[in-house]
Amino acid sequence: MRTCYQAVFFVSCLLFFTSFPAVAAPLDEARQWVDKGLETARTLPNSDEEAACYENAVQVDPRYAAAHFNLAYVLHQQALEEWRRTGPTWHNTRSLYRALEHYSEAAGLDPSREPAFKNALQVADLLLRPSVRIPPNLYEIRERLRICASAAAETADAGTKQCMSFAAQRAIELEDRIAALLDRQVSSRLVPSEEIRSKLNRTFTRGQSPYKGPKVPLMIRFEMNRCDILPESHGQLRELARALESGTLKDKRILIEGHTQCGDSPEGLRRLSLSRADSVKRYLVDRLQLKEERFEIRGYGDSRPLVPNDTEEHQAMNRRVEFTDYEALRQFKAGVERRSRSGDMDIYDGFY
């Protein structure tokens, strides 16, 4: 009996000590990469070699705030140096977007890290400068500032609170700019199949809002905070199915995008919007007998509002599902990417 207890004790200790390092190892390895980056900075400050160390740290432990902040700082400084020498280019502008991403990640993971908030605002201001010819990605900048504002709300530090105020104000300004550029075509009325068919047969045209191309926003209603489609929207989905089975649309692939309004965490809203897009796909496939391979789904949460979430009517407009000719969109975005390399891009192209 004693031997049995000893065996059980030995196995328990073995399980404990073998499982513990597995938890600590990623953070320890990430710290080693950050330390190596700081050592590299002694001789090669703000170099690609230094950045690579922080990239490795982020890969090992995506929740290590110091790795995100240091990587953002190097990308930020590299882009500023290029701007001083050559002016804004597509290459260094993209580096600034990556810096903004990692600054906001650092702020979200460690709200006490005040420089992350300040630097995120500096990068956002650079990208929004009227003198910069490259159209800003308003959605991306707004989303990153919103993450910063949300994180700053969790700390009592006065300087960080002030940054939160600036970030929140700038995010609201960007909502207004987005709303001014987009056509507000979503409505609560039932959109007939013929109108849907006509809109999905349009082509994407440079210099125009996406909503003038083969895209249709529909107000599909769901249970509160759930992905269950309410019966009042079944008729709208039947009209959509009739359109998709008619004429030139019957063989086209369709992108289904879910959009929600503010209220939950950004990640929670993205999951909800993706689940709702999937519910619409399942209804079209299971209930209305359309082919499953025709559909792709995306969930954008509340990161792409049509209008500011300032009234109940606007909130209802932002709780929408959009349907787009998938192949037409893919081809148009490929053309935008080719133009972006030469700087020949229109302000609307960033919305596709």
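The rules we used
Residues numbered from 1 in each chain as written. Predicted model: local features only at pLDDT ≥ 70, side-chain atom pairs only at ≥ 80, totals over all residues. Heavy atoms only, no water. Salt bridge = Lys/Arg side-chain N within 4 Å of Asp/Glu carboxyl O. Helix = DSSP H or I, 4+ residues; strand = E, 2+ residues; numbered from the N terminus. Buried < 20%, exposed > 50% of the residue type's maximum accessible area, 1.4 Å probe, protein only. Phe/Tyr/Trp six-rings, centres within 6.5 Å; stacked < 30°, edge-to-face > 60°. Lys NZ or Arg CZ within 6 Å of the ring centre and 35° of its normal. Core = buried A, V, L, I, M, F, W, Y, C linked by side-chain atoms within 4.5 Å. Pairing = 2+ DSSP bridges. Axes fitted to C-alpha atoms, helices over the stretch in contact; angles between N-to-C directions. Parallel < 35°, antiparallel > 145°, perpendicular 65-115°, else oblique. Left-handed = near helix turned anticlockwise from the far one by under 90°. Contact = heavy atoms within 4.5 Å. 1 Å grid on protein atoms, 1.4 Å probe; cavity = no way out; pocket = protein on both sides within 12 Å on 5 of 7 lines; lining within 4 Å. Points joined across faces, edges and corners; volume = space filled by probe spheres on them. Nonpolar A, V, L, I, M, F, W, Y, C, P; charged D, E, K, R; others polar.

K.L.:
For this particular structure, what's the right way to read the pattern of salt bridges?
P.N.:
Oppositely charged side chains can pair when the atoms bearing their charge come close. Tallied over the full model, the rule gives 34 salt bridges. We note a salt bridge from R142 to E175, for which the minimum N-O separation is 2.8 Å. Here E175 lies in helix 7 (residues 158–181) and R142 lies in helix 6 (residues 138–152), a separation of 33 residues in the sequence. The pair formed by R142 and E175 is uniform in burial state, with each residue classed as buried. Between R270 and E143 there is a salt bridge; the shortest N-O distance is 3.0 Å. Residue R270 is located in helix 10 (residues 266–287), and its partner E143 is located in helix 6; the two are separated by 127 residues in the primary sequence. Relative accessible area serves as the criterion here: at 7%, E143 is assigned to the buried category. Salt bridges linked by common partners bring E143, R146, E267, R270, R271 and D302 together as one network.

K.L.:
Would you mind going over the packing of aromatic side chains with me for this structure?
P.N.:
To describe a pair of aromatic rings, you give the distance between the ring centres and the angle between the ring planes. Taken as a whole and assessed by the stated rule, the structure comprises two aromatic pairs. Cation over ring: K215 sits above Y211, and NZ or CZ is 5.7 Å from the ring centre. Over the face of the ring belonging to Y300 we find R304, whose NZ or CZ atom lies 4.1 Å from the ring centre.

K.L.:
Please clarify how the nonpolar core should be interpreted in this entry.
P.N.:
The nonpolar side chains of soluble globular proteins are, as a tendency, buried together. With 68 residues, the main nonpolar core has I141 and L145 as its most contacted residues. Counting residues in each nonpolar core, the second largest holds 25 residues, with L200, V216, I220 and A243 among its members.

K.L.:
Help me out: how do you make sense of the sheet that holds strand 1 (residues 215–218) in this one?
P.N.:
One key point about sheets: their strands pair by backbone hydrogen bonds, in either a parallel or an antiparallel sense. Strand order in the open sheet formed by four strands is 1-4-2-3, with mixed pairing between adjacent strands. Of all the strands in the sheet, just strand 1 and strand 3 (295–299) have a single pairing partner and so form its edges. Recorded for the sheet is a direction-independent mean angle of 20° between the axes of neighbouring strands. Note that strand 2 (residues 254–258) and strand 4 (residues 321–325) share five bridges and pair antiparallel. When the bridges of strand 4 are listed, E257 appears paired with E322.

K.L.:
What's the story with the packing of helix 6 against helix 7 in this structure? I'm lost.
P.N.:
In helix packing, the relevant descriptors are the interaxial angle and the interaxial distance, both defined with respect to the helix axes. Between helix 6 and helix 7, the least distance of the axes is 8 Å, while the angle of their chain directions is 150°. On the basis of their axis angle, the class for helix 6 and helix 7 is roughly antiparallel. Between helix 6 and helix 7 lies a crossing of left-handed hand. Here helix 6 contributes L138, Y139, I141, R142, L145, A149 and A152 to the contact with helix 7, which in turn contributes T160, K161, M164, A167, A168, R170, A171, L174, E175, R177, I178 and L181.

K.L.:
I tried to follow the environment of A152 on my own but got confused; where do I start?
P.N.:
Along the chain, the position of A152 falls in helix 6. In this structure, the C-alpha to C-alpha distance between A152 and T205, residues 53 residues apart in sequence, is 40 Å. Those residues in contact with A152, other than ones at most four positions away along the chain, are F117, T160, K161 and M164.

K.L.:
Honestly, the layout of surface pockets in this entry has me stumped. Any pointers?
P.N.:
One way to see where empty space is left: roll a probe the size of a water molecule over the atoms. Volume-wise, the largest pocket comes out at about 900 Å³. As for the largest pocket, its lining consists of 39 residues, of which N137, R304, K333, G350 and Y352 are closest to the centre. Where the lining of the largest pocket is concerned, the elements lending two or more residues are helix 4 (90–109), helix 6, strand 2, strand 4 and helix 12 (326–342). With seven residues, helix 12 is the single largest residue contributor to the lining of the largest pocket. For the lining of the largest pocket, the per-class residue count stands at 17 nonpolar, seven polar and 15 charged. Empty space within the second largest pocket amounts to approximately 670 Å³. The wall of the second largest pocket is formed by 26 residues, among which R146, I147, S150, A151 and P266 lie closest to the centre. Split by residue class, the lining of the second largest pocket holds eleven nonpolar, five polar and ten charged.

K.L.:
It is not clear to me how the pairing of strand 2 should be interpreted in this structure. Could you clarify?
P.N.:
On a regular strand, each side chain points to the face opposite its neighbour's, so the side chains alternate between the two faces of the sheet. With respect to burial, strand 2 is a largely interior element, five of its five residues being buried. Pairing geometry for strand 2 and strand 3, over five bridges, is parallel. Looking across to strand 3, one finds that I254 is bridged to F295.

K.L.:
Hey, could you run me through the environment of K199 in this one?
P.N.:
Note that K199 resides in helix 8 (residues 193–200). Along the backbone, K199 and S165 are 34 residues apart, and their C-alpha atoms lie at a distance of 41 Å. In contact with K199, other than residues within four places in its own chain, are Q185, G213, P214, K215 and V216.

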